Amino acid sequence: MSKKFNFLYQYLKKEKVSFNIPELELQIEAHPEYPSVLSITDTLKFFNIENGAFQIEFSEIEILPNRFAGMLEAEFYLIEKKEDAYLYYKDNNVIKISKTELESRWNGIIILIENSQIEKAVISKMNKWFWGLPISISILIIAITSLSKLNITAKLFFLLPTISFIFSIAVLQKLLMERKELKKIQIKGNQFMQNYQIFKNNLLASNTIQDNLRKSESIQLGNKNASLKIIMVINPFSVSCKEVHSIMEEILDKYFDLICFDIRFNFNKDHYSSKKSRKIHQQLVALYLDKGQEVFTTELHNWFKDKNENKLYEAQISVTNELKADEILKAQFNSNLENNLIFTPQIIIDKYLFPKQYDRKMLIHFINELSEDEHFSLVPQLKQ
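All values derive from a computational prediction rather than experimental measurement.

Draft legend 1. Seen up close, the nonpolar core. In this structure, F261, I349 and L370 are the most contacted members of the largest nonpolar core, which totals 45 residues. Here this core takes seven residues from helix 8 (residues 239–255), the largest share from any one element.

Rendered as structure tokens:
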């Protein structure tokens, strides 16, 4: 975990927003505008975390919430307001700072994060609770009425166990009804999501890209002559990309002859200067150039399984292939950048981005229909 992002992790934790530290860090550093504030806010949006960056004069600080990320001098900190004073978090230390001192260090740039997930969860639970409340109250009133002719001692003796029993039955009945309804909704939802025409309509409504990559700059897996081509933009160090890679393997195993996957990396040598990252990207591309898709597929699988560079196929990269690999990586990154494909993974069918409404695991259900659909199967060939 990089200390430079401590303020962000502390802020997310305080707001009870779940996040994956390595993945968040990877995506921020891979952003073409890194290390700007935009690289942080864009990445948070990519992970569906509502946020915004603002320029605020110190005189307007009272309008801010009691917790925010603010830049003091040239560094971001998590800042909290406590009565008439402020606290800021430096590493693992909480430091009290007066309003006067805060003003002297105030840069004016802030980041606000909103945890809408918690609000939705609370509202949902409240709705469920109020739904069951009238039934429970009605049963309780009936029980009390039926005991009205008994003396006080008898009432208490019978009433307390009765209340407990009634509430237990009501809760159990409610849970069973909810489970039954949820099962119905789940079945209907699955039928809806697996309907090809609905998927196609969502796909056609997605954003599009302009594919200007040459055939010699692409990595093609599967049947290279297949009419259905799907682009996958991945980063070997991404957890999410590992999941997408598993989806691709499952599809290739079942529909090898129907599909050609066009694999593209999102390696930015100018902003993501890790020697290890450069070596892994070069090695994988060189393996494809030297050994073809079978060895490349095996080694990519092994990499995602172990993330161990020492287990990669031991092949000496020639100067020629090193230069060629760099050219391919540069061309792929520039193409991604031109199409605003900043984050990974990305799936593009024809020119359409995979719909956000769908779990990527659903892709395998539509391969047959996509391969037979002229709208997607008549994909123009890559430039030579």
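Draft legend 2. Geometry of unusual backbone geometry. Residue P35 is bonded to the preceding Y34 through a cis peptide linkage, with omega at 10°. Within the fold, P35 resides in the loop between helix 2 (21–30) and helix 3 (37–46). T344 connects to P345 through a cis peptide bond whose omega is 5°. If you trace the backbone, P345 turns up in the loop between helix 11 (319–338) and strand 10 (346–349). Positive phi values are uncommon outside glycine, yet N340 reaches one of about 60°. Its location among the elements puts N340 in the loop between helix 11 and strand 10.

Draft legend 3. Spotlight on the sheet that holds strand 9 (residues 259–265). Spatially, the five strands line up as an open sheet ordered 7-9-8-10-11, and their pairing is mixed. A strand with exactly one partner marks an edge of an open sheet, and here the two such strands are strand 7 (219–222) and strand 11 (352–353). Bridge count for strand 8 (residues 228–234) against strand 9 is seven bridges, and the pairing is parallel. When the bridges of strand 9 are listed, K229 appears paired with C260. Across the face of the sheet, helix 10 (residues 293–306) comes into contact with strand 7, strand 8 and strand 9 while running at roughly 90° to strand 7.

Draft legend 4. View of the packing of helix 8 against helix 10. Interhelical geometry of helix 8 versus helix 10 gives an angle of 140° and a closest axis separation of 10 Å. Judged on the interaxial angle alone, helix 10 and helix 8 are oblique. The crossing of helix 8 and helix 10 is left-handed. Facing C241, K242, H245 and E249 of helix 8, the residues of helix 10 in contact are L300, H301, F304 and K305. Here the residues of the contact of helix 8 with helix 10 sort into three nonpolar, two polar and three charged.

Draft legend 5. Main features of the pairing of strand 5 (residues 93–97). As judged from the five bridges shared by strand 4 (residues 85–90) and strand 5, these two strands associate in the antiparallel manner. By the bridge assignment, K90 is partnered in strand 5 with N93. Joining the antiparallel neighbours strand 4 and strand 5 is a turn of two residues, in which D91 adopts a positive phi near 55°.

Draft legend 6. Inspection of the confidence of the model for the protein chain at higher detail. Mean pLDDT over the protein chain stands at 83; residues scoring 70 or higher make up 76%. With pLDDT under 50 throughout, residues 379–384 is counted as low confidence; its partners more than four residues away or in other chains account for 17 contacts.

Draft legend 7. Representation of the packing of aromatic side chains. In total, this model carries 16 aromatic pairs according to the counting rule given. Measuring from ring centre to ring centre gives 5.1 Å for F199 and Y358, while their planes differ by 85°; the resulting arrangement is edge-to-face. One end of the pair, F199, is in helix 7 (residues 196–204); the other, Y358, is in the loop between strand 11 and helix 12 (367–372), and 159 residues separate them in sequence. Here the two residues F199 and Y358 agree in accessibility, since each one is buried. Aromatic ring contacts, followed pair by pair, group Y196, F199, F354, Y358 and F366 into a single cluster.

Definitions and limits used
- Residues numbered from 1 in each chain as written.
- Predicted model: local features only at pLDDT ≥ 70, side-chain atom pairs only at ≥ 80, totals over all residues.
- Heavy atoms only, no water.
- Core = buried A, V, L, I, M, F, W, Y, C linked by side-chain atoms within 4.5 Å.
- Buried < 20%, exposed > 50% of the residue type's maximum accessible area, 1.4 Å probe, protein only.
- Helix = DSSP H or I, 4+ residues; strand = E, 2+ residues; numbered from the N terminus.
- Pairing = 2+ DSSP bridges.
- Contact = heavy atoms within 4.5 Å.
- Axes fitted to C-alpha atoms, helices over the stretch in contact; angles between N-to-C directions.
- Parallel < 35°, antiparallel > 145°, perpendicular 65-115°, else oblique.
- Left-handed = near helix turned anticlockwise from the far one by under 90°.
- Nonpolar A, V, L, I, M, F, W, Y, C, P; charged D, E, K, R; others polar.
- pLDDT = per-residue confidence, 0-100.
- Phe/Tyr/Trp six-rings, centres within 6.5 Å; stacked < 30°, edge-to-face > 60°.

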